[in-house]
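Given next are the chains, with one letter for each unit.
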Amino acid sequence: MSLGNIADYTLKRELGRGGMGKVYLARSSDGLDVALKTIIIPEGINARSRWEAVERFQREARAARSLTHDNICQVLDTGADGETFFIVMEYLDGQSLRERIEATGSLLVERSVQIMFDVCDALAYAHDQGIIHRDIKPDNIMILRGGRAKLMDFGLASIVYETGMTQTGTMMGTISYMSPEQARGEKLDARSDVFSLGVTFYEMLTGRQAFEGEAPGAVLHAISNKEVESVSGLPPTVSRTLNKCLRKQPPYRFQTVREIIAALRTTGIHPVSKGAQKTVPTGTMVMPGTAPSGSVVPPTPAPAAPPSPPPPRPTPPPPAASPSKQAGFNCSKCG
């Protein structure tokens, strides 16, 4: 049963909702299953702020569409239908890191580090393109059935923060992952993402948020002024990596995400094998954001086994050594 249409997309069912709008499983006009996220700009803001929000959304959406990486949820389309702006992403078969933590509590150290490798790969690529995420949190990390983690919602955070679009009571999750400089409203760089990633890493390892409070102001105060509770039982390399991500002052953090990757490699834990994550059956073509559609392409035949080498010929016995070459003899050239 359809829930209606937005532009050329038929809404099949609601996947979730938040302060900006809702997320739907939708079907495109050419039959692809996608995730469609609505961005509703409330009428309460003045005309100039509304226009700026629209311009910002379009700019951020264009930037997000330019990101193509195995660990980033691909943005396929953006547009508007009346007063509803939307962004279309590939549909991912899995669960959010938030859902995983709520179901299991803390994750194993090994699994947490493996997820960090994937998210760091995505962020390093985005930062190389000059794009800062600004809203890293467990809700924006998807864990696919094959084990790979994908980062979502690049750039959308600025629309929320800069227009005050988030409703009362729905910002707590996002505020809890802000960097101190983000909480102060300062200009951000890649090191802000490093802090937010550290907060997410902490939650994976402990099952609880690093910074909590009964009101947004209390959470912001904790982010800027309080150290997180130490995590016992971690391998020293993991503990050092976590603590350096969470330094209050940006100059004392990891300066790039690639530095985090280098630190994670010292833990002795390896990323999930990329080959092991591929779950698409041979001979099936899958378009971005869809389950296998059944459009079959000829499978690549397995290479023929090389012919067996001929058996080695028997080696004849060596000739008897001449007296001049008996053991212990030193010729003039042997030194």
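For the structure, see preceding data.
Please read all numbers here as calculations on a predicted model, not as lab measurements. (Residues numbered from 1 in each chain as written. Predicted model: local features only at pLDDT ≥ 70, side-chain atom pairs only at ≥ 80, totals over all residues. Heavy atoms only, no water.)

**Q** Give a detailed account of the overall build of the chain, specifying residues and quantitative values.
**A** A tally of helices and strands in the chain yields 11 helices and nine strands. Per-residue burial for the chain yields a buried fraction of 42% across its 335 residues. The long-range fraction of contacts in the chain, counting pairs at least 24 apart against all pairs at least 6 apart in sequence, stands at 61%. Accessible area for the chain stands at about 18300 Å²; split by element, carbon and sulfur atoms hold 53% of it. (Helix = DSSP H or I, 4+ residues; strand = E, 2+ residues; numbered from the N terminus. Buried < 20%, exposed > 50% of the residue type's maximum accessible area, 1.4 Å probe, protein only. Contact = heavy atoms within 4.5 Å. Areas by Shrake-Rupley, 256 points an atom, 1.4 Å probe, with all protein chains shown as cover.)

**Q** Which residues make up the pairing of strand β6 (residues 84-90), and what are the values?
**A** Among the seven residues of β6, six are classified as buried, and the element is accordingly described as predominantly covered. Where strand β4 (residues 33-40) meets β6, seven bridges bridge the pair, whose relative direction is antiparallel. If you follow Ile 40 over to β6, its bridge partner there is Thr 84. Pairing between strand β5 (residues 75-81) and β6: six bridges, direction antiparallel. The residue of β6 that forms the bridge with Thr 78 is Ile 87. Counting the residues that bridge the hairpin from β5 to β6 gives two residues, and of these Gly 82 lies at a positive phi of roughly 70°. (Pairing = 2+ DSSP bridges.)

**Q** Which residues make up the packing of aromatic side chains, and what values do they have?
**A** On inspection of all chains with the given rule, the structure shows two aromatic pairs. With a centroid separation of 6.0 Å and 70° between ring planes, the pair formed by Tyr 9 and Phe 86 is classed as edge-to-face. Here the residue Tyr 9 occupies a position in strand β2 (residues 9-17), and Phe 86 occupies one in strand β6, the gap between them amounting to 77 residues. A relative accessible area of 10% means that Tyr 9 is categorised as buried. Consider the rings of Phe 195 and Phe 211, whose centres lie 6.0 Å apart with planes at 15°: the pair is stacked. Here Phe 195, found in helix α7 (residues 190-206), pairs with Phe 211, found in the loop between α7 and α8 (216-225); they are 16 residues apart in sequence, far enough to count as distant. A single burial state applies to Phe 195 and to Phe 211, both of which are buried. (Phe/Tyr/Trp six-rings, centres within 6.5 Å; stacked < 30°, edge-to-face > 60°.)

**Q** Mind laying out the sheet that holds β4, listing which residues take part and the relevant values?
**A** Sheet strands associate in pairs through backbone hydrogen bonding, adopting either a parallel or an antiparallel arrangement. Reading across from one edge, β1-β2-β3-β4-β6-β5 is the order of the six strands in this open sheet, with antiparallel pairing throughout. Looking at strand neighbours, the two that pair on one side only are β1 (5-6) and β5, the edges of this open sheet. Summarising the sheet, β2 and strand β3 (residues 22-27) pair through six bridges and their orientation is antiparallel. Considered in β3, the bridge of Leu 11 is made with Ala 26. Against the sheet, helix α1 (residues 47-65) touches β4, β5 and β6, its axis set at about 160° to β5. (Axes fitted to C-alpha atoms, helices over the stretch in contact; angles between N-to-C directions.)

**Q** Describe the nonpolar core, naming the residues involved and giving the relevant values.
**A** Among the nonpolar cores identified, the biggest contains 60 residues, and Ile 115, Phe 154 and Ile 260 are the most heavily contacted of them. For this core, the element with the highest residue contribution is helix α3 (residues 109-128), accounting for 10 residues. Residues within four places of Ile 260 in sequence aside, it is in contact with Met 116, Cys 120, Val 194, Leu 197, Thr 241, Cys 245 and Phe 254. Core analysis: the second largest hydrophobic core is formed by nine residues, Tyr 9, Tyr 24, Val 34 and Leu 36 among them. (Core = buried A, V, L, I, M, F, W, Y, C linked by side-chain atoms within 4.5 Å.)

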